[in-house]
Amino acid sequence: MPDLQALADAIINGKRDDAKSLTEEALAEGTSPEAVLNEGLVAGMSVVGERFKNNEFYVPEVLIAARAMKASMEVLQPKLIESGVEPAAKVAIGTVKGDLHDIGKNLVAMMLEGGGFGIIDLSVDVAPERFIEAIQSEGAQVVAMSALLTTTMPAMKDTITALEEAGLRDRVKVIIGGAPVTQKYADEIGADGYAPDAASAVDKTRELIGAS
Ligand code: B1M
């Protein structure tokens, strides 16, 4: 039986090469890609998220862990596709129009990926139309918006209005976050959810789509 805890530990400790080779070994020994994903990657990134929430890990540790997760994911992804494992949901994520800050958005994207979500990363300065396109052409079920400037927060509201005007608002869940963003603001603009940090964003997105 391959040691998926060792894989989870390699991710927690940011050991990229170990994460990659342990993933290859587990698959070679016949472990299902789904088990590798859930008991290795998701388990490891959950611990990383908890430690980050509790201030036991800081941004550099999270980024190093996420890099190890990505190395594992590169090996795993083709096998997941072959075995037909569907992502929990597809999330279109971006920093809103006018805003170029992407460190927090990238952390959220990596944690969501580690949490089993499919990620459509629209990068920064994302206009409402690009979120709409991601829903229409790539089947995004969640719109995740980040803003770091008080001056760009209104672009979140503009995106929600654009979703309504395009008749797509009922098809997607909208989650928002970023340093100046609050639950109160999320309520005011009609977002479905708000998360203060990357680990909570995974929990909130799971809650929004009704996954456990
Ligand atoms: Co800028 N910047 N910046 N900046 N910058 C801030 C945000 C600022 C608070 C600094 C300050 O004045 N004290 C200030 C905003 C003031 C305000 O609006 N209230 C500011 C400003 C003014 C500016 C410029 C206008 C400066 C200028 O040019 N005059 C300019 C704007 C450019 C633009 O966007 N159009 C600018 C530029 C830049 C750099 C390019 C130099 C650089 C960005 C580099 C990059 O991102 N690639 C930069 C940086 C680094 C910062 C600070 C120092 C750090 C931001 C950061 O990365 N934090 C920031 C000051 C600060 O916050 N201390 C500042 C770390 C990151 C992990 O945290 O992004 O909050 P954060 O993400 C967290 C949570 O918020 C949450 O999870 C993450 C992980 O826990 N989260 C989500 C984020 N998105 C989420 C989405 C979710 C859920 C949770 O759901 C979808």
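Up top is the structure.
Quick caveat, the model's predicted, so the values are computed rather than measured.

A closer look at unusual backbone geometry
- The backbone phi angle of Asn 55 is positive, close to 60 degrees, even though this residue is not glycine.
- Located in the positive-phi region is Ser 123, a residue other than glycine, with phi close to 75 degrees.
- In this fold, Ser 123 is placed in the loop between strand E2 (118–121) and helix H6 (128–138).
- For Ser 123, a relative accessible area of 36% puts it in the partly exposed group.

A closer look at helix H2 (residues 16–28)
- Look at H2: 18 Å from first C-alpha to last across 13 residues, which is about the 18 Å you get at 1.5 Å a residue.
- Of all the residues in H2, the buried ones are Ala 19, Thr 23, Ala 26 and Leu 27. Down the axis of H2, the buried side of the element spans an arc of 95 degrees, and every buried residue falls inside it. Among the exposed residues of H2, those oriented more than 90 degrees off its buried face are Asp 17 and Ala 28.
- Where H2 is buried, its residues meet helix H1 (4–12), helix H3 (33–53) and helix H4 (59–82).
- Remark: Gly 30 follows H2 within two positions and exhibits a positive phi of approximately 95 degrees.

Thoughts on the pattern of salt bridges
- As enumerated under the stated definition, the model contains 8 salt bridges in all.
- Between Lys 20 and Glu 24 there is a salt bridge, with its nearest N and O atoms 3.5 Å apart. Of the two residues, Lys 20 and Glu 24 are both situated in helix H2; the distance of 4 residues between them amounts to about one turn of the helix.
- For Asp 121, the salt bridge identified is with Lys 105, shortest N-O distance 2.9 Å. Residue Asp 121 is found in strand E2, and its partner Lys 105 is found in helix H5 (residues 103–114); the two are separated by 16 residues along the sequence.
- Among the charged side chains, a network of salt bridges with common partners joins Glu 50, Lys 53 and Asp 203.

Focus: the coordination of the cobalt atom of the ligand
- What the protein offers the cobalt atom of the ligand as a donor is a single atom, His 101 (NE2), at 2.2 Å.
- Within the element layout of this structure, His 101 appears in the loop between strand E1 (90–95) and H5.

Some points on the site of the ligand
- The full set close to the ligand counts 27 residues, and Leu 100, His 101, Asp 102, Ser 146 and Thr 150 are the nearest of them.
- A distance of 3.0 Å separates a nitrogen atom of the ligand from a polar backbone atom of Gly 98.
- Take His 101: an N or O atom from its side chain is 2.7 Å from a nitrogen atom of the ligand.
- Among the elements of the structure, H5, strand E3 (142–146), strand E4 (173–177) and helix H9 (198–209) are those that each provide at least two residues to the shell around the ligand.
- Of the residues forming the shell around the ligand, the biggest block, 4 residues, is contributed by H5.
- Of the residues in the shell around the ligand, the class split is 17 nonpolar, 7 polar and 3 charged.

Calculation rules
Residues numbered from 1 in each chain as written. Predicted model: local features only at pLDDT ≥ 70, side-chain atom pairs only at ≥ 80, totals over all residues. Heavy atoms only, no water. Helix = DSSP H or I, 4+ residues; strand = E, 2+ residues; numbered from the N terminus. Buried < 20%, exposed > 50% of the residue type's maximum accessible area, 1.4 Å probe, protein only. Expected span 1.5 Å × (residues − 1). Arc of directions from axis to C-beta. Contact = heavy atoms within 4.5 Å. Salt bridge = Lys/Arg side-chain N within 4 Å of Asp/Glu carboxyl O. Donors = N, O, S within 2.8 Å, 3.2 Å for Na, K, Ca; no water. Near = heavy atom within 4 Å. Polar contact = N/O pair within 3.5 Å; in protein donor to acceptor, adjacent residues only side chain to side chain. Nonpolar A, V, L, I, M, F, W, Y, C, P; charged D, E, K, R; others polar.

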